[in-house]
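Next come the chains, spelled out residue by residue.
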Amino acid sequence: MEYISTRGGFPSSGKALSFADVFLSGLARDGGLYVPKSLPQWSARDIASLAGHPYAECATRIMAPFVAPDICEADLADIVDKAYSAFPHAEVAPLRHLGDNEWLLELFHGPTLAFKDVALQLVGHLFEHLLNARGQRTTVLGATSGDTGSAAIDALKGLECAEVFMLHPKGRVTEVQRRQMTTIDAANVHNIAVEGTFDDCQAMVKAAFNDLAFRDETGLSAINSINWARVMAQTVYYFTSAVALGAPQREVTYAVPTGNFGDGYAGYVARGMGLPIDRLIIATNANDIVARALGGGEYRVGAIHHTISPSMDIQVSSNFERLLFDLYDRDGKEITRLMTELQTAGGFAINAEPLARARVIFAGCSVSEDETRACMANMFQEHGLVIDPHTAIAVHAARGLGNKSGHPMVVLSTAHPAKFPDVVREVTGETPSLPGHLADLFEREERFDVLPNDVAALKAYIRARAER
Ligand SMILES: *Cc1c(COP(=O)(O)O)cnc(C)c1O
């Protein structure tokens, strides 16, 4: 598979980039995001042939074309097996029937209890495989609004080939989320609490990457959802769940709790590969830039709101650029212009034609705090089911937009309720208990440093620690 940048600047040498190149760098050198030159196409017959096969086997088949020729199918199968054996649930991403035509796709059975484990456990093993093959080390730099950090740290802890720097907004992640990051006792893991918001953290990461000299000097790699491997890994559960519910004969609708738009974009990629997804409902909290863009056609940065669904407290949804690239007929110059306008003017209008194309597939819905709480309470009363606030946002959006098509409605359940115990207790009166492997989380010792919202300080911090 060959990869290109959404800004059209790379590859400038005329030499195509392979999976290993884009995986190890993350962000394109022209500031854009990498996407495959074209998507592998799955016929109805190919899709039907996934039925009844274990998750890891489906994952290998779905991802093999994306990683070829850098990783052969046998090596990929090995990597995938290692990644998903970290999931105590044999199905990895099981479906739970709620009633009528409504299902939850439970993506939180991994080691850190959020859907990000599905991609990041794989990413950890991909790093090890590719870096060892090249005899290289890397510096992984990421920003987290909560769940990415713990999932990335769990996936990379103790690796010889990677030094990990993870930024989180100080005081703005839950205690469970923070402790899941800061109690990992591994010399290659560096937690940084930034005096700022998640968007500040993300901007610092982008600025570090855009300093090409610094990037080369430290061998930076990205692990945020801008890394193509994460999108690729997330397409898999759309396939397995759709097939379990009758695809390719039956179309399926998905409701996706959305922050950085990685998960929603993965659904779009699965659809582009031929999976019969009739609609993707993009559910946001009050940080609703994507919902607003799909509604009014304006992609405009607003003020950050701190909500009970902190993993979605994001104003700039990085992966939206990848969708825009397709909506604008893969015109890198046009995307560069829009992204420059985003930087200088805080937003841009999406042209009528690209917007109409997006609306064929996507529907956006912003969900308030009261609606989220009411949905959590309702699920508890109606089904005796305790769900986390991120999942509740998507359940509310799915029910609010209605399921007129008669297709199965699959709501992505992105976190275990025990990650957000305060709001769960407040709404349901139940205290969700952490699974056994995290039972002593509150007794473990924490390790992190505090940095100001300042790129120079971050670079100095990394320089001092990148070479052990
Ligand atoms: C990260 C996260 C999301 C948002 O996913 P994106 O891919 O960033 O849109 C939703 N729910 C939970 C629990 C998360 O951790």
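About the criteria used
Residues numbered from 1 in each chain as written. Predicted model: local features only at pLDDT ≥ 70, side-chain atom pairs only at ≥ 80, totals over all residues. Heavy atoms only, no water. Core = buried A, V, L, I, M, F, W, Y, C linked by side-chain atoms within 4.5 Å. Buried < 20%, exposed > 50% of the residue type's maximum accessible area, 1.4 Å probe, protein only. Helix = DSSP H or I, 4+ residues; strand = E, 2+ residues; numbered from the N terminus. Contact = heavy atoms within 4.5 Å. Axes fitted to C-alpha atoms, helices over the stretch in contact; angles between N-to-C directions. Parallel < 35°, antiparallel > 145°, perpendicular 65-115°, else oblique. Left-handed = near helix turned anticlockwise from the far one by under 90°. Expected span 1.5 Å × (residues − 1). Arc of directions from axis to C-beta. Salt bridge = Lys/Arg side-chain N within 4 Å of Asp/Glu carboxyl O. Pairing = 2+ DSSP bridges. Disulfide = S-S within 2.5 Å. Polar contact = N/O pair within 3.5 Å; in protein donor to acceptor, adjacent residues only side chain to side chain. Near = heavy atom within 4 Å. Areas by Shrake-Rupley, 256 points an atom, 1.4 Å probe, with all protein chains shown as cover. Nonpolar A, V, L, I, M, F, W, Y, C, P; charged D, E, K, R; others polar.

Observations concerning the nonpolar core
Among the nonpolar cores identified, the biggest contains 112 residues, and Phe 19, Tyr 84, Leu 122, Met 232, Tyr 237, Tyr 238 and Tyr 254 are the most heavily contacted of them. Considering each element in turn, this core owes the most residues, 11 residues, to helix H10 (residues 228-244). Residues in contact with Tyr 84, not counting those within four places in the same chain, are Tyr 55, Ala 59, Val 92, Val 118, Leu 122 and Ala 233. Judged by nonpolar contacts, the second largest core, of 26 residues, contains Ile 281, Val 395, Ala 397 and Ala 415.

Brief notes about the packing of helix H3 (residues 55-67) against H10
Between H3 and H10, whose axes approach to 9 Å, the crossing angle comes to 135 degrees. One finds that H3 runs oblique with respect to H10. H10 is crossed by H3, and the crossing has right-handed handedness. Contact with H3, carried on its side by Tyr 55, Cys 58, Ala 59, Ile 62, Met 63, Phe 66 and Val 67, involves Trp 228, Met 232, Ala 233, Thr 235, Val 236, Tyr 237, Phe 239 and Thr 240 of H10 and no other residues of that element.

Quick word on the side chain of Ser 318
Along the chain, Ser 318 falls in the loop between strand S11 (298-300) and helix H13 (320-327). Look past the residues within four positions of Ser 318 in its chain and what remains in contact with it is Leu 33, Gln 202, Lys 206, Ile 226 and Asn 260.

A word on helix H14 (residues 332-345)
Over its 14 residues, H14 extends 19 Å from the first C-alpha to the last, a length consistent with the 20 Å expected when each residue adds 1.5 Å. For H14, the full list of buried residues reads Gly 332, Glu 334, Ile 335, Leu 338, Met 339 and Leu 342. Seen along its axis, H14 keeps its buried residues to an arc of 160 degrees; they face one direction. Away from its buried face, by an angle of more than 90 degrees, H14 presents the exposed residues Lys 333 and Thr 344. Buried residues along H14 sit against S11, H13 and strand S12 (347-349). After H14 finishes, the residue Gly 346 shows a positive phi value of roughly 80 degrees.

Side note on the pattern of salt bridges
Taken as a whole and assessed by the stated rule, the structure comprises 25 salt bridges. The closest approach of N and O atoms between Arg 134 and Asp 21, which form a salt bridge, is 3.5 Å. Residue Arg 134 is located in helix H5 (residues 116-134), and its partner Asp 21 is located in helix H1 (residues 19-25); the two are separated by 113 residues in the primary sequence. The partly exposed category is assigned to Arg 134, whose relative accessible area is 40%. Two residues, Arg 178 and Glu 175, come together in a salt bridge whose shortest N-O distance is 3.9 Å. A residue pair is termed a helical-turn pair when its members lie 3 or 4 positions apart in one helix, as Arg 178 and Glu 175 do in helix H7 (residues 175-182) at three residues. Each of Glu 175, Arg 178, Arg 179 and Glu 446 takes part in one network of salt bridges that share partners.

Some words on the sheet that holds strand S10 (residues 277-284)
Strand order in this open sheet of six strands is S3-S4-S14-S9-S10-S13, and the pairing throughout is mixed. Edge positions in the open sheet fall to strand S3 (95-99) and strand S13 (362-366), since each of these has one partner strand only. Put simply, the sheet's adjacent strands are angled 25 degrees from each other on average, direction ignored. The sheet contact formed by strand S9 (residues 252-257) and strand S14 (residues 409-413) spans three bridges and is parallel. Bridging across to S14, Tyr 254 finds its partner in Val 410. Against the sheet, helix H12 (residues 289-296) touches S10 and S13, its axis set at about 125 degrees to S13.

Details of the state of the cysteines
A disulfide bridge is the covalent bond that connects two cysteines by way of their sulfur atoms. Counted under the stated rule, the structure contains zero disulfides. The thiol sulfur of Cys 161 is not disulfide-bonded, and the nearest other cysteine sulfur, from Cys 72, lies at 19 Å. Counting only cysteine sulfurs, Cys 375 is the nearest neighbor of Cys 365, a cysteine outside any disulfide, at a range of 11 Å. Taking the relative accessible area as the measure of exposure, Cys 365 reaches 16% and is therefore buried.

Concerning the side chain of Gln 315
Checked against the element boundaries, Gln 315 lands in the loop between S11 and H13. From its side chain, Gln 315 meets the backbone oxygen of Ala 303 in a polar contact 3.4 Å long. With residues near it in sequence (within four places) discarded, Gln 315 still touches Asp 199, Asn 287, Asp 288, Ile 289, Arg 292, Arg 300, Val 301, Gly 302, Ala 303 and Ile 304.

Here we look at the site of the ligand
Taken together, 15 residues sit near the ligand, with Lys 116, Asp 147, Gly 259, Asn 260 and Thr 414 positioned nearest. Between the ligand and Lys 116, the relevant distance is 2.5 Å, taken from an oxygen atom to a side-chain nitrogen or oxygen of the residue. In isolation the ligand exposes 380 Å². Once the protein is present, 98% of that is buried. Along the lines of polarity and charge, the residues of the shell around the ligand split into five nonpolar, seven polar and three charged.

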